[in-house]
Amino acid sequence: MSDRLEQISHLGAKAWLLAPEDPHPIDPILRWTQVFESIVRSVGPSEPLPLQDIYSRLDGLFPDELCDAPVLVEHHDVLWIAGSGVLFDGQSGLAVPGSMLTRFPRHRQTPYAVSHWVELTRPLSSFQRLQHALWLPHADCQMFGHFMTEILAFLWPIFTQEATHLTGWPVILPGCDSTSPLSDWLFRLLRSRHLYPLLQSTLPKAVHLERVLIPQPSMRLHAGTSTLFLQSAQAFGDWLLCSSPASEITDHSRVFLSRSALHEDCRKIEGERELEQYLKQSGWLIVHPEEEELPQQVALIRAARCIAAFDGSALHGLAWLGDHSETMLILLGDSPSLDYWLQFRAQKIRGWFLPCTQPFADEKPSHLQNRQLTVQARDLSETIDALALVET
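Source: prediction; values computed, not measured. (Residues numbered from 1 in each chain as written. Predicted model: local features only at pLDDT ≥ 70, side-chain atom pairs only at ≥ 80, totals over all residues. Heavy atoms only, no water.)

Student: Could you clarify how one ought to interpret the overall build of the protein chain in this entry?
Tutor: Within the protein chain, the secondary structure is distributed over eleven helices and 16 strands. Taken along its principal axes, the extent of the C-alpha atoms in the protein chain is 80 × 60 × 40 Å. A burial count over the protein chain gives 49% of its 392 residues as buried. The long-range fraction of contacts in the protein chain, counting pairs at least 24 apart against all pairs at least 6 apart in sequence, stands at 74%. Entry remark: accessible area of the protein chain is about 19400 Å², with carbon and sulfur atoms responsible for 52%. Charged side chains in the protein chain number 30 positive and 46 negative. The centres of these two groups are separated by 2 Å. (Helix = DSSP H or I, 4+ residues; strand = E, 2+ residues; numbered from the N terminus. Buried < 20%, exposed > 50% of the residue type's maximum accessible area, 1.4 Å probe, protein only. Contact = heavy atoms within 4.5 Å. Areas by Shrake-Rupley, 256 points an atom, 1.4 Å probe, with all protein chains shown as cover. Lys, Arg positive; Asp, Glu negative; His and termini not counted. Charge placed at Lys NZ, Arg CZ, Asp CG, Glu CD.)

Structure follows, in structure tokens:
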């Protein structure tokens, strides 16, 4: 009997299954790594590469626009559970699509979703409830880079006409910690739009959301960005300057964003302090972004004609320039994250990539490993000075 069933199933599968349309798919993440390594190997040590030449190699791997215009998606009768990183359907217990932060093409990573299903041991009617709420899938404000990407990606509604329809709404902020300075800026921004932010620490362990709106992301790490994201970033920068005016910016058209004063746990560049001394002698303004309030960072970045920096999260602040800028960028390093290339391509930022570091071999992930200069600091400073004068 079992042989006959197997035979029938085998014949059916053979008759109905079609060959894959793309039997050898390209992993865009892996392919980009290979492409970028080949680009760097094709030039001599410390030979500058025009940014536009690198942007062109992203074509066919990552779209210019992440998706069609994001929208607010409405759901009813869902359950929020503290620390879950996702919302759950109140009838099935399954994760609500779009309620979790995702990364990579095809949403391959869900880094903060603890579970995609929960056992509903109690009916929704037994929980405290909110009649309506705006849900931000990610609001952990501990790190500037994630604040300027994965949090800002969900804030576009408050910079558009959608904001008028949300007046007075509570906003649930998963992962937001009141001790972070960036949390204060997020609260101030939401309150300025007449929204009411709610921290996990002030809510019950589970809440029934009768009606919830979830913004689709305007960018996703290692997947793509969009014009709407950059417009939101520019509007955020405008709001920062209006909410807390920056100090007067003197004529510092060339700005070097330094990593040398970061905490010891952060990636460091051996030789960066020496490089800073040479650049300072040449008239560059050395800026430690973590020591500046956000409005001052916006003012410095927008006032600069040329910005030089080793790759790092401070460069996400260039999003304050919007979707088109005349600012020149001199990017230093060895293997900047894909996310910078996607952002700078969308912004049409001109300038140069200057390979000039190599990692120390240790047990840390490659993007966290300390670096050392592959050229003398004086020679690197002279190259940076020369590139700042070159039109691309």
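Still to come is the rest of the account.
Student: Just to check I follow, could you spell out the sheet that holds strand 14 (residues 350-355) for this structure?
Tutor: Across a sheet, strands are paired by hydrogen bonds formed along the backbone, either parallel or antiparallel in direction. Reading across the sheet, the six strands line up as 1-14-13-12-9-11 and stay open at both edges, with mixed pairing between neighbours. Each of the sheet's edge strands pairs with one partner strand only, and the pair in question is strand 1 (49-50) and strand 11 (285-287). One ladder, built from two bridges, connects strand 1 with strand 14; its direction is antiparallel. When the bridges of strand 14 are listed, Pro 50 appears paired with Trp 352. Packed on one face of the sheet, helix 11 (residues 377-387) meets strand 9 (254-257), strand 12 (306-310), strand 13 (328-333) and strand 14 and runs near 165° to strand 14. (Pairing = 2+ DSSP bridges. Axes fitted to C-alpha atoms, helices over the stretch in contact; angles between N-to-C directions.)

Student: Help me out: how do you make sense of the side chain of Ser 84 in this one?
Tutor: Position of Ser 84 among the secondary structure elements: in the loop between strand 2 (72-81) and strand 3 (87-89). Residue Ser 84 is classed as buried on the basis of its relative accessible area of 7%. Those residues in contact with Ser 84 that sit more than four places away from it in its chain are Tyr 112, Ala 113 and Val 114.

Student: Teacher, can you tell me more about the layout of surface pockets here?
Tutor: Where empty space is left in the structure can be found by rolling a water-sized probe over the atoms. Put simply, the second largest pocket is a space of about 330 Å³. For the second largest pocket, the lining is made up of 19 residues, of which Gly 98, Thr 102, His 107, Gln 216 and Pro 217 are closest to its centre. Looking at the lining of the second largest pocket, the elements that each hand over two or more residues are strand 2 and strand 8 (206-215). Grouping the amino acids of the lining of the second largest pocket by side-chain chemistry returns eleven nonpolar, six polar and two charged. (1 Å grid on protein atoms, 1.4 Å probe; cavity = no way out; pocket = protein on both sides within 12 Å on 5 of 7 lines; lining within 4 Å. Points joined across faces, edges and corners; volume = space filled by probe spheres on them. Nonpolar A, V, L, I, M, F, W, Y, C, P; charged D, E, K, R; others polar.)

Student: Any chance you could explain the packing of aromatic side chains here in plain terms?
Tutor: Describing an aromatic ring pair means giving the distance of the ring centres and the angle of the ring planes. Scanning the model with the defined rule gives ten aromatic pairs in all. Ring centres of Phe 236 and Trp 239 lie 6.1 Å apart, and the angle between their planes is 15°; on these two criteria the pair is classed as stacked. Note that Phe 236 and Trp 239 are positioned in helix 7 (residues 227-243) at a spacing of three residues, about one turn of the helix. The residues Phe 236 and Trp 239 share a single accessibility class, namely buried. A connected cluster of aromatic rings, assembled from ring pairs, spans Trp 32, Phe 36, Trp 341 and Phe 353. Taking NZ or CZ as reference, Arg 122 lies 4.2 Å from the ring centre of Phe 127, over its face. The side chain of Arg 188 reaches across the aromatic face of Trp 185, ending 4.1 Å from its centre. (Phe/Tyr/Trp six-rings, centres within 6.5 Å; stacked < 30°, edge-to-face > 60°. Lys NZ or Arg CZ within 6 Å of the ring centre and 35° of its normal.)

Student: What should I look at first to understand a negative patch on the surface in this one?
Tutor: On the surface, Glu 290, Glu 291, Glu 292 and Glu 293 cluster together into a negatively charged patch. Mapping Glu 293 onto the fold places it in the loop between strand 11 and helix 9 (294-303). (Patch = residues over 30% accessible without salt bridge, like charges linked within 9 Å, V, L, I, M, F, W, Y side chains within 5 Å. Salt bridge = Lys/Arg side-chain N within 4 Å of Asp/Glu carboxyl O.)

Student: Explanation requested: a nonpolar patch on the surface in the structure shown.
Tutor: Among the surface-exposed residues, Met 1, Leu 5 and Ile 8 lie close enough to one another that they form a single nonpolar patch of about 350 Å² accessible area. Mapped onto the secondary structure, Ile 8 falls in helix 1 (residues 2-16).

Student: Sorry, what's going on with the packing of helix 6 (residues 181-192) against helix 7 here?
Tutor: Relative orientation and spacing of two packed helices are given, respectively, by the angle between their axes and the distance between those axes. Remark: helix 6 packs on helix 7, axes separated minimally by 12 Å, with the N-to-C direction vectors making an angle of 95°. The orientation of helix 6 relative to helix 7 falls into the category roughly perpendicular. Across the interface between the two elements, Trp 185, Arg 188, Leu 189 and Ser 192 from helix 6 touch Phe 236, Trp 239, Leu 240 and Ser 243 from helix 7. Class assignment of the residues belonging to the contact of helix 6 with helix 7 gives a composition of five nonpolar, two polar and one charged. (Parallel < 35°, antiparallel > 145°, perpendicular 65-115°, else oblique.)

Student: Hey, could you run me through the nonpolar core in this one?
Tutor: When a protein is soluble and globular, its nonpolar side chains tend to lie buried together. In terms of nonpolar packing, the biggest core is built from 77 residues, with Trp 32, Leu 155, Phe 236, Leu 318 and Trp 341 touching the most fellow members. Discounting chain neighbours no more than four positions away, the residues touching Leu 318 are Leu 257, Ile 301, Ile 307, Leu 329, Gln 343, Phe 344, Gln 347 and Ile 349. By size, the runner-up hydrophobic cluster in this structure holds 21 residues, among which are Leu 279, Ile 330, Leu 354 and Leu 387. (Core = buried A, V, L, I, M, F, W, Y, C linked by side-chain atoms within 4.5 Å.)

Student: How do you make sense of the sheet that holds strand 15 (residues 357-359) when you look at a structure like this?
Tutor: Pairing in this open sheet of three strands is mixed, and the strands run 10-16-15 from one edge to the other. Every interior strand has two partners, whereas the edge strands, strand 10 (269-270) and strand 15, have only one.

Student: How should unusual backbone geometry be read in this particular structure?
Tutor: Residue Phe 104 is not a glycine yet carries a positive backbone phi of 70°. For Phe 104, a relative accessible area of 16% corresponds to the buried category. Despite not being glycine, His 222 shows a phi value in the positive range, around 60°. Relative to the helices and strands, His 222 resides in the loop between strand 8 and helix 7.

Student: Quick question: what am I supposed to make of helix 10 (residues 338-347) here?
Tutor: Because an α-helix completes one turn every 3.6 residues, residues spaced three or four positions apart along the sequence face the same direction. Of all ten residues in helix 10, ten are buried, a share of seventy percent or more. Inspection of helix 10 places Leu 338, Asp 339, Tyr 340, Trp 341, Leu 342, Gln 343, Phe 344, Arg 345, Ala 346 and Gln 347 among the buried residues, and these make up the whole buried set. Buried positions along helix 10 lie against helix 2 (28-41), helix 3 (51-55), helix 7, strand 13 and strand 14.

Read these as layout, nothing more, since geometry by itself doesn't imply function.
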